[in-house]
Amino acid sequence: MTVTAPAGFDAAGVACGLKSSGNADLALVVNRGPRRAAAAVFTSNRAKANPILWSQQVIADGEVSAIVLNSGGANCFTGAQGFQTTHATAEAVAEALQVSAGDVLVCSTGLIGEQLDRAKLLSGVAAAAAELSPEGGADAARAIMTTDSVPKTVVVEGDGYVIGGIAKGAGMLAPGLATMLVVLTTDADLPAAELDAALRAATRVSFDRLDSDGCMSTNDQVTLLASGASGVVPDVTAFTAALTEACIDLAQQLQADAEGASHDIRIEVVGAASEEDAVEVGRAVARNNLFKAAVFGNDPNWGRVLAAIGTTSAAFDPYDVDVTMNGVRVCHAGGPDRPRDEVDLTGRAVHVLIDLRVGAATATILTNDLTHDYVHENSAYSS
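What counts, and where the lines are drawn
- Residues numbered from 1 in each chain as written.
- Predicted model: local features only at pLDDT ≥ 70, side-chain atom pairs only at ≥ 80, totals over all residues.
- Heavy atoms only, no water.
- Phe/Tyr/Trp six-rings, centres within 6.5 Å; stacked < 30°, edge-to-face > 60°.
- Helix = DSSP H or I, 4+ residues; strand = E, 2+ residues; numbered from the N terminus.
- Buried < 20%, exposed > 50% of the residue type's maximum accessible area, 1.4 Å probe, protein only.
- Axes fitted to C-alpha atoms, helices over the stretch in contact; angles between N-to-C directions.
- Parallel < 35°, antiparallel > 145°, perpendicular 65-115°, else oblique.
- Left-handed = near helix turned anticlockwise from the far one by under 90°.
- Contact = heavy atoms within 4.5 Å.
- Nonpolar A, V, L, I, M, F, W, Y, C, P; charged D, E, K, R; others polar.

It is not clear to me how the packing of aromatic side chains should be interpreted in this structure. Could you clarify?
Think of a pair of aromatic rings as described by two things: how far the centres are apart, and how the planes are tilted against each other in angle. What the rule picks out here adds up to two aromatic pairs. Arranged with centres 5.7 Å apart and planes meeting at 45 degrees, the rings of Tyr161 and Phe239 form a pair that is tilted. Highlighted residues: Tyr161 in the loop between strand E6 (152-157) and strand E7 (162-168) and Phe239 in helix H6 (residues 236-256), separated in sequence by 78 residues. Accessibility classification places Tyr161 together with Phe239 in one group, the buried group.

Rendered as structure tokens:
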């Protein structure tokens, strides 16, 4: 049931004609309470879509009654008309649910620079409101898909409470506090401030470490809603761990569905002087097109790994670094070690272990290879 697995939530997913395919394109998730606490993290891209600008205002008081999400259009760089469409969408949800528009989050995803059809959007809100149910989570997950090939959902059982989630994203997977569109729900009884701290801790090591193609979206938002319907006030540390588990699960699903990818690459950096250094090194490799193209060709070209980390400001001696690929240490102390032909990259999973040998900090970055299919899909995206 995904986002409706926790008590206190209804959801729906409908088709309102925003997608030319006729597929579902509008989702609505409603928190029935008794608590309506919420937290959210947003893209750090300076170019923010109208729904982000609206939602940042809504989340300020930590109270949210509903979130409405549309695919089929990003509503970004659409000027005053686009912001009015976002406002009108929130007003329509508020009227249908008899709540305040100031407690309705709005998310959009799709092509930038095109106006959304407001009439279709508002008719979709009405249809979704009429179909809300505790079984509607799966429909909501399908309605937010764009280039996704499958819906992404998760349910994690806590001690007397449940966390559910849906996500969309198959490209533009780069960090900025959050990534893609994600809705998480829980029936735990926690205030907004504690939800915010838990969400930021969870996204920092999950969605923020997913870097499929180095491109940061204008519409990224991760939202956490708490109904308190279980009556359970959990230990915050335990709740954060459960939430992190849910976020990592969704991040891995997003990685596995990245546009055109044929390899899922896990870049694990150990022996770093700081976690920041480890992240910087891992991200430099994840964004290196030469390395990603080599993996696509099943070529364990570890020299491209060293060349990539050499562009960072992290503390390390490039002639004292080890690199292991799928269990074979191909580089030791900045020089050749085992023969590269011992590395098998024919499977989908690729593990690159980089030991900087200067400290005890570690971080893992998730990415994908660079393929012909990725280039083809993104060359034809708007057509």
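So that's the structure; there's more coming.
How do you make sense of the packing of helix H2 (residues 79-97) against helix H3 (residues 118-131) when you look at a structure like this?
Think of two packed helices as two axes; the pair is described by the angle between the axes and how far apart they sit. At a minimum axis separation of 10 Å, H2 and H3 run at an interaxial angle of 20 degrees. Viewed along their axes, H2 and H3 adopt a mutual orientation that is roughly parallel. By crossing handedness, the relation of H2 to H3 is classed as right-handed. Only Arg118, Leu121, Leu122, Val125 and Ala129 of H3 make contact with H2, whose side of the interface consists of Gln81, Gln84, Thr85, Ala88, Thr89, Ala92, Val93 and Ala96. Of the residues contributing to the contact of H2 with H3, the split by class is eight nonpolar, four polar and one charged.

Just to check I follow, could you spell out the packing of helix H7 (residues 275-286) against helix H9 (residues 302-309) for this structure?
The interhelical angle for the contact between H7 and H9, taken along N-to-C directions, is 130 degrees, at an axis separation of 8 Å. It follows from the interaxial angle that H7 and H9 lie oblique. The hand of the H7/H9 crossing is right-handed. Contact residues: H7 offers Val281, Ala284 and Val285, while H9 offers Val305, Ala308 and Ile309.

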